[in-house]
There are 2 protein chains.
Amino acid sequence: MDIEKNIQICNLIDTYERLLTNKQRDILQKFYYYDNSLSEIAEEYGTTRQAVSDLIKRTEAILQNYELKLKLNEKYQEILSLVNDVLYGDFSEKEKRKKLNEIIDCVGA
Amino acid sequence: MDIEKNIQICNLIDTYERLLTNKQRDILQKFYYYDNSLSEIAEEYGTTRQAVSDLIKRTEAILQNYELKLKLNEKYQEILSLVNDVLYGDFSEKEKRKKLNEIIDCVGA
């Protein structure tokens, strides 16, 4: 499995899982978090590997579409990076205040 | 018009408009941002006041459902309040660092 893609999908599941159906969320979690195989999931749901694979691909596309539109993970990364700069970075007081104001811009106030 | 509700819907439109269709977004903006009447919008779209009113109600429910699930506006308000405390509040350095860490919790890192 492509580890980078795996991490990206896990982040998308974390952020947008409440917009999925229970079935979509459960199957993606089994596959991506708990590393269940397509066959194991298919057996559990009484369906075929192909059907599980299709559902996973469709659900990934749904998650990626939410990120494309809301860009929450991108925004969260930006906020995290700004907060970490203020907490741990070697910046002047003025620069830190600038970064705090950038967080306000980021949440679109 | 109920001003408080108006502000709330405008905030929801700002946050989730990219999840609406163009028509849903345009009609809600005309109604809530530009204060067009149902009749004006109905005339522009060649439809009835009732159809416009129904579309607005349905779209408001969609927006409220997104907020119920993602709670972005709630989260943004929390982050804003924490950043403002750090920028302008009368807190010790230790308390400010605590508030910055709460922002990190808030974006779910």
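Further up the page is the structure itself.
Here the structure is a predicted model, which means the values were calculated and not measured.

S.K.: Run through the interface of chain A and chain B, naming residues and quoting values.
M.R.: By a widely used convention, the size of an interface equals the accessible area lost when the partners come together. With 25 residues of chain A in contact, the opposing surface of chain B contributes 25 residues. Here chain A packs against chain B, burying approximately 2400 Å² in sum over the two surfaces, 73% of which is carbon and sulfur. Contact with chain B buries area across many residues of chain A, yet Arg18(A), Tyr76(A) and Leu87(A) alone supply 24% of it, more than any other trio. The tally of links between chain A and chain B comes to 0 salt bridges. Of all elements in the fold, only α1 (3-16), α4 (49-70), α5 (72-88) and α6 (93-106) of chain A reach the threshold of two or more residues within the side of chain A that touches chain B. Ranked by the residues each element gives to the side of chain A that touches chain B, the list is headed by α5(A), at 10 residues. Considering only residue class, the side of chain A that touches chain B consists of 18 nonpolar, 3 polar and 4 charged.

S.K.: Pulling in residues and values, what's your account of the pattern of salt bridges?
M.R.: Throughout the structure, instances matching the rule amount to 12 salt bridges over all chains. Glu17(A) serves as the salt-bridge partner of Arg25(A), at 3.9 Å between the closest nitrogen and oxygen. The exposure class of Arg25(A) is partly exposed, given its relative accessible area of 21%. Measuring nitrogen to oxygen at the nearest pair gives 3.4 Å for the salt bridge that ties Arg25(B) to Asp26(B).

S.K.: Tell me what's going on with the packing of aromatic side chains, and back it up with residues and numbers.
M.R.: Aromatic ring pairs are defined here through the distance separating the ring centres and the angle between the ring planes. Evaluated as defined, the whole model comprises 6 aromatic pairs over all chains. On the basis of an interplanar angle of 20 degrees and a centroid distance of 5.8 Å, the ring pair of Tyr16(A) and Tyr66(A) is categorised as stacked. Separated by 50 residues along the polypeptide, Tyr16(A) in helix α1 and Tyr66(A) in helix α4 bring together distant segments of the chain. Each member of the pair, Tyr16(A) as well as Tyr66(A), carries the same accessibility label: buried. A ring pair is formed by Tyr33(B) and Tyr34(B), whose centres lie 6.1 Å apart and whose planes are at 80 degrees; its orientation type is edge-to-face.

S.K.: Go over the relation of the copies chain A and chain B with me, naming the residues and quoting the values.
M.R.: Under the fitted operation, chain A is carried onto chain B by 0.0 Å of movement along the axis and a turn of 180 degrees, and the coordinates agree to an RMSD of 0.0 Å. Here the transformation between the copies is reduced to the relation of a two-fold axis.

S.K.: Break down the side chain of Asn73(B) for me, citing the residues and quoting the values.
M.R.: Residues and elements named next belong to chain B. Within the secondary structure layout, Asn 73 lies in helix α5 (residues 72-88). Given a relative accessible area of 15%, Asn 73 falls into the buried group. Not counting residues within four places of it along the chain, the set of residues in contact with Asn 73 comprises Asn 11, Leu 12, Thr 15, Tyr 16 and Glu 67.

Conventions and cut-offs
Think of each chain on its own: its residues are numbered from 1, step by step along the sequence as written. Labels are handed out in written order, letters beginning with A for the chains and numbers beginning with 1 for the ligands. Since the coordinates come from a predicted model, pLDDT governs what is reported: local features require at least 70, and pairs of side-chain atoms require 80 or more to be given and counted, while whole-chain, interface and lining totals use all residues. Note that the side-chain values use all heavy atoms of the structure and ignore hydrogens as well as water. Note on definitions: a residue-residue contact is assigned when non-hydrogen atoms from the two residues lie within 4.5 Å. The buried area of a pairing is the accessible area, by a 1.4 Å probe, that goes missing from both parts when the two are put together, added over both. In what follows, salt bridge is the name for a side-chain nitrogen of Lys or Arg lying within 4 Å of a carboxyl oxygen of Asp or Glu. Helical segments are the DSSP runs of H or I of at least four residues, strand segments are the runs of E of at least two, and each set is numbered from the N terminus. Each residue gets one of three labels, nonpolar for Ala, Val, Leu, Ile, Met, Phe, Trp, Tyr, Cys and Pro, charged for Asp, Glu, Lys and Arg, and polar for the others, Gly among them. For every residue, the accessible area (1.4 Å probe, protein chains only) is compared with the maximum for its type, and the residue is labelled buried under 20%, exposed over 50%, or partly exposed between those bounds. Each Phe, Tyr or Trp ring (for Trp, its six-membered ring) is paired with any other whose centre lies within 6.5 Å, and the angle between the two planes then decides the class: stacked below 30 degrees, edge-to-face above 60, tilted in between. Superposing the copies works by least squares over the C-alpha atoms of residues that have pLDDT at least 70 in both of them.

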